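Given next are the chains, with one letter for each unit.
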Amino acid sequence: MSSSSDQPWRDPALPADKRVELLLQAMTLREKIAQLGSRWAGNDMADAELPADETINVAPMEDVFAAGAAPSLAEASRDGLGHLTRVWGSVPRTTEQGVAELIRQHEVVLESSRLGIPALVHEECLTGFTTYGATVYPASIAWGATFDPELVERMAAAIGRDMAAVGVHQGLSPVLDVVRDYRWGRVEETIGEDPYLVAMLGSAYVRGLQSAGVLATLKHFAGYSASRAGRNHGPVSMGRRELLDIILPTFETAIATAGAGSVMSSYSDIDGLPASADSWLFTDVLRNEWGFGGTVVSDYWAVPFLASMHRVAADNAGAGVVALTAGTDVELPDTIGFAGLLDKVESGELSEELVDRAARRLLLQKARLGLLDPDWTPEGSVGDAAIDLNSAENRAIARQLAERSVILLDAGSALPLSTDLRRVAVVGPCAGDPRTLMGCYAFPNHVLPRYPDRGLGVEVLTPIDALHNELPEVEFLAAKGCDVMGDDRSGFEAAVAAARDADLCIAYVGDLSGLFGHGTSGEGCDAEDLRLPGVQGELLDQLLATGKPVVVVVVSGRPYALGDIADRVAGLVQAFIPGQEGAAAIAGVLSGRIVPSGKLPVQIPRHVGGQPGTYLQPALGSVESAGISGLEAAPLFPFGYGASYTTFEVGDLRLSATEIGNDGEFTATVRVRNTGNRAGDEVVQLYLHDVVARIARPLKLLTGFARVSLEPGAAVDVTFRVHADRTAYTGPDLRRIVEPGEIEVMLGTSSHDLPCRTVVRITGDVRVVGHERMLTTPVDRTPVTADATGGG
């Protein structure tokens, strides 16, 4: 393509917004509406190498929308097209095949339309680039366990570079939903149960991905994780205050501090109003208050769901009007509801200005991505067709993330493993199945179950193979015992026999991620309660009854209640879906080669039915309410907790001030010392509590954190800079306020272990704050000299 006088919008010398206005003037109404839609050509299973009857169902009722009436890509592109959906992520293709298919689809879009505007290409990237042969990183819940924004940013940058190299413009990640119910299947896709932790790591992901030129998509906006009973797509019973204080700050922070380019709508309704129909959410808050200038894309089929599921529209065309009016700009993965917008405008039911509004937002992104430039070509959009999507650099990052995410809950009597061990039984359904290490949006679990002859696409060590590598002198007795799912107990006898014949037993139990009931964790894989899936709990009971020491490793996407076994095991480890390098990370923690440093991003419940289990509770929902209810509120292991093979001391709290104004700030400094005999990492955590507030507030709220690495005997001063804005909350009139009064300041190593406590008083009047407020707590780390520590 080249610049011409009749297409001035192709001139790269003009400002992007000017080019977009010129293009809009040149477009017909049909062409503008076409930019608001998408086509999932890959979901037709058109790959000639695949059997004709192969299908991939990635969402409920997908067959209803795709059946029979789906247009060809050429037909869908006759007036142009906004997005190409998952060219890479739908069927297993080599990199060469994927590049060829992407170029083919681009050419169809260009040749089918008058103006020849390229489509934007989007893909999933929740645990890495979701395509065949790409590195599978730990799941988001494992990122949370690292408390390491810098490492998450490095991972996202690597993912972005791979995606950009093969022509992808937008990634559908990160998930910024805050966990509210552990039974929800998509807990594995979240970063944790605390809004500040989610905001900081999610923003880091955005910065990393967008550093490579790939737009990040914040999802799911908003409230999706708070569905009743943890049921996927369930209604959300939530007041606006909880939405404003717990759910929305993660998105707001990623937009304000990382410049996120896109937001995806939630499927759920909040108090009866579907998110995709909520103009307050998508226009008043997102656009007008936060100043978001990117695009809002629908979750897959969220627009027609307004008619078929929520029934706030009579038909798909009516659903399109509702979604566009509320603020949805682009419908994914196919154009269904927005296909009827032309008739709605022509009949006067819908203003063309709303079409222009959405088209302007998408076209501005295309201009900034270079898609409107005269020299753009399908072939040129692929920067490196020979790229290794599972490079050594990728795997090194995945390995470091996995190692930092493994959480030692209890070293017990057996960890780290003794060098005197000669025979070890390795049992449990997660010991020999590499799929249990990967999330539901990892390609091996997301797509490849439909293509069993394609393997996993990447090499993944099983936990037992990793133990062989870690401890080559040990004889291992392997026995599966049972599957992750189901009630088959026929393998119990062999597993128990192996335990009896061994010096020690290591039991790997937990989840197998899948989609819509084809797993125990993942989208649509919600749990009735928090007992280990299937008969795994019974297997553990029989292993423990042998009298042999049993180390339990839970490899899961959600926390499970472990109160029944915690005082009987010889060691307890939690690994939240650690990815393709996860087996070696777990083995390294067990052997002691790796000093564990992961921290719980969600609590470990004591009882299988205890709900809700998150730590963000006011007095009536906390242990302070003991005696009010027969249900115990205390977790087995608290938020932020994680043990180590070395020891740390946190003390010497120093404040810069004990009284600040309502727009002031103070610093809180603690000294962290490694008092053990091994180098290790500790995560220092700062919590605040509004002693007397106008609203029942959480007794503890994470407000800052810092990971520090220390050699034995070394110390570091960690200083948190806390602005008064960090105490803000939504008051009775739904305005966010900084209120005078006492704020309890607590520092330590978990939400329970907080040895450093003091009070800071905020003075002045009540101050109303908005989007301009301070959203983060900066941290400084200052190494302490040997003289200052008293050491040599």
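Summarised in this report is the structure supplied together with it. (Residues numbered from 1 in each chain as written. Predicted model: local features only at pLDDT ≥ 70, side-chain atom pairs only at ≥ 80, totals over all residues. Heavy atoms only, no water.)

A word on the overall build of the protein chain
Quick reminder of the rule: Helical segments are the DSSP runs of H or I of at least four residues, strand segments are the runs of E of at least two, and each set is numbered from the N terminus. Each radius of gyration is computed over the set of C-alpha atoms, and the globule rule expresses the reference value as 2.2 Å times the number of residues to the power 0.38. In this scheme, a residue with accessible area under 20% of its type's maximum is buried, one over 50% is exposed, and one in between is partly exposed, where area comes from a 1.4 Å probe on protein chains only. Throughout, a contact is declared for two residues whenever any of their heavy atoms are within 4.5 Å. The method behind every accessible area is Shrake-Rupley, applied with a 1.4 Å probe, and residues are considered shielded solely by the protein chains displayed. Counting rule applied: Lys, Arg positive; Asp, Glu negative; His and chain ends not counted. Where a charge lies is defined by one atom per residue type, namely NZ (Lys), CZ (Arg), CG (Asp) and CD (Glu).
The number of helices and strands found in the protein chain is 21 helices and 27 strands. The C-alpha radius of gyration of the protein chain comes to 27 Å, within 12% of the 28 Å expected for a compact globule of 792 residues. Expressed as lengths along the three principal axes of its C-alpha atoms, the size of the protein chain is roughly 80 × 70 × 50 Å. Counting every position in the protein chain, which comprises 792 residues, the buried fraction comes to 64%. When contacts within the protein chain are restricted to residue pairs at least 6 apart in sequence, long-range pairs at least 24 apart make up 79% of them. Surface accessibility of the protein chain: about 27100 Å² in total, with carbon and sulfur atoms responsible for 48%. Each charge class in the protein chain was averaged separately, 65 positive and 103 negative side chains, and the resulting centres sit 3 Å apart.

Concerning the sheet that holds strand β3 (residues 120-123)
The condition is simple: At least two DSSP bridges between two strands are needed for those strands to be called paired. Geometry is summarised by axes, namely lines fitted to C-alpha atoms with helices restricted to the contacting stretch, and by angles between N-to-C directions that run from 0 to 180 degrees.
The sheet built from seven strands is open, its strands ordered β1-β2-β3-β4-β5-β6-β9 with parallel pairing. The sheet terminates laterally at β1 (38-39) and β9 (295-297), the two strands that pair on one side only. Sheet topology note: the β1/strand β2 (residues 83-85) ladder contains two bridges and is parallel. In the sheet register, Arg 39 faces β2, and the bridge partner there is Leu 84. The sheet contacts of helix α10 (residues 279-289) involve β5 (215-221), β6 (262-265) and β9, and relative to β9 the element is tilted by about 155°.

A closer look at the environment of Val 152
By the secondary structure assignment, Val 152 is in helix α7 (residues 149-165). Counting along the chain gives 53 residues from Val 152 to Tyr 205, while the straight-line C-alpha distance between them is 5.8 Å. Discounting chain neighbours no more than four positions away, the residues touching Val 152 are Trp 143, Thr 146, Leu 201, Ala 204, Tyr 205 and Leu 401.

Some thoughts on unusual backbone geometry
Cis rather than trans, the peptide bond between Ser 173 and Pro 174 has omega equal to 10°. Tracing the chain through its elements places Pro 174 in the loop between β4 (170-171) and α8 (195-211). Omega for the bond connecting Lys 219 with His 220 falls within 30 degrees of zero, at 5°, which places this linkage in the cis form. By secondary structure assignment, the location of His 220 is in strand β5. If you check the backbone angles, Arg 86 has positive phi at about 50° while not being a glycine. Within the secondary structure, Arg 86 is located in the loop between β2 and α5 (95-112).

What about the environment of Val 345?
Within the fold, Val 345 resides in helix α13 (residues 341-346). A sequence separation of 211 residues divides Val 345 from Ala 134, and the C-alpha atoms of the two residues are 44 Å apart. Not counting residues up to four positions away in its chain, the partners in contact with Val 345 are Leu 29, Leu 350, Glu 352 and Val 355.

Some points on the pattern of salt bridges
This is how it is decided: Only one rule defines a salt bridge in this text: a Lys or Arg side-chain nitrogen within 4 Å of an Asp or Glu carboxyl oxygen.
One pass over the full model with this rule turns up 44 salt bridges. Ionic pairing is found between Glu 21 and Arg 360, a salt bridge with its closest N-O pair at 2.6 Å. Within this pair, whereas Glu 21 is found in helix α1 (residues 16-26), its partner Arg 360 is found in helix α14 (residues 352-368), the two being separated by 339 residues in sequence. The closest approach of N and O atoms between Arg 694 and Glu 739, which form a salt bridge, is 3.0 Å. On the criterion of sequence distance, the pair formed by Arg 694 in the loop between β19 (680-690) and β20 (701-710) and Glu 739 in the loop between β23 (736-738) and β24 (741-748) is long-range, its members being 45 residues apart. On the accessibility criterion, Glu 739 (10% relative accessible area) is buried. Residues joined in a network through salt bridges with shared partners are Asp 148, Arg 404, Asp 681 and Arg 707.

Remarks on the packing of helix α17 (residues 463-470) against helix α20 (residues 582-591)
Quick reminder of the rule: With respect to orientation, any angle under 35 degrees is reported as roughly parallel, any angle over 145 as roughly antiparallel, any angle of 65 to 115 as roughly perpendicular, and every other angle as oblique. Helix crossings fall into two classes, left-handed where the near helix is turned counterclockwise from the far one by less than a right angle and right-handed where it is turned clockwise. For this classification, the nonpolar set comprises Ala, Val, Leu, Ile, Met, Phe, Trp, Tyr, Cys and Pro, the charged set comprises Asp, Glu, Lys and Arg, and every other residue, Gly included, is treated as polar.
The contact between α17 and α20 brings their axes to 8 Å, and the two run at 50°. Compared by their axis directions, α17 and α20 come out oblique. Crossing handedness for the pair α17 and α20: right-handed. On α20, the residues that touch Pro 463, Ala 466, Leu 467 and Glu 470 of α17 are Ala 583, Ala 584, Ala 587, Gly 588, Leu 590 and Ser 591. In the contact of α17 with α20, the residues fall into seven nonpolar, two polar and one charged.

Things to note about the environment of Gln 542
The topology assignment puts Gln 542 in helix α19 (residues 536-544). Using a relative accessible area of 37% as the deciding quantity, one classes Gln 542 as partly exposed. A sequence separation of 21 residues divides Gln 542 from Ser 521, and the C-alpha atoms of the two residues are 25 Å apart. Setting aside its immediate chain neighbours within four residues, Gln 542 contacts Phe 492 and Val 496.

Some details on the pairing of β24
The element β24 is extensively covered by neighbouring structure, given that six of its eight residues are classed as buried. In terms of strand pairing, β19 meets β24 through six bridges, oriented antiparallel. Note on β24: the bridge partner recorded for Leu 688 is Val 745. Inspection of the sheet shows β24 paired to strand β25 (residues 756-763) by seven bridges, in the antiparallel sense. Considered in β25, the bridge of Glu 742 is made with Arg 761.

Things to note about the nonpolar core
To be explicit about the condition: Here the nonpolar core consists of buried residues drawn from Ala, Val, Leu, Ile, Met, Phe, Trp, Tyr and Cys, with membership extended through side-chain atoms lying within 4.5 Å.
Ile 506, Tyr 508, Leu 543 and Leu 590 are the most contacted members of the largest nonpolar core, which totals 112 residues. Every residue in contact with Leu 543, bar those within four places of it in the chain, is listed here: Val 427, Ala 495, Val 496, Ala 499, Cys 505, Ala 507 and Val 550. Counting residues in each nonpolar core, the second largest holds 86 residues, with Val 99, Trp 143, Leu 197 and Ala 398 among its members.

Coordinates in, geometry out; function isn't part of it.
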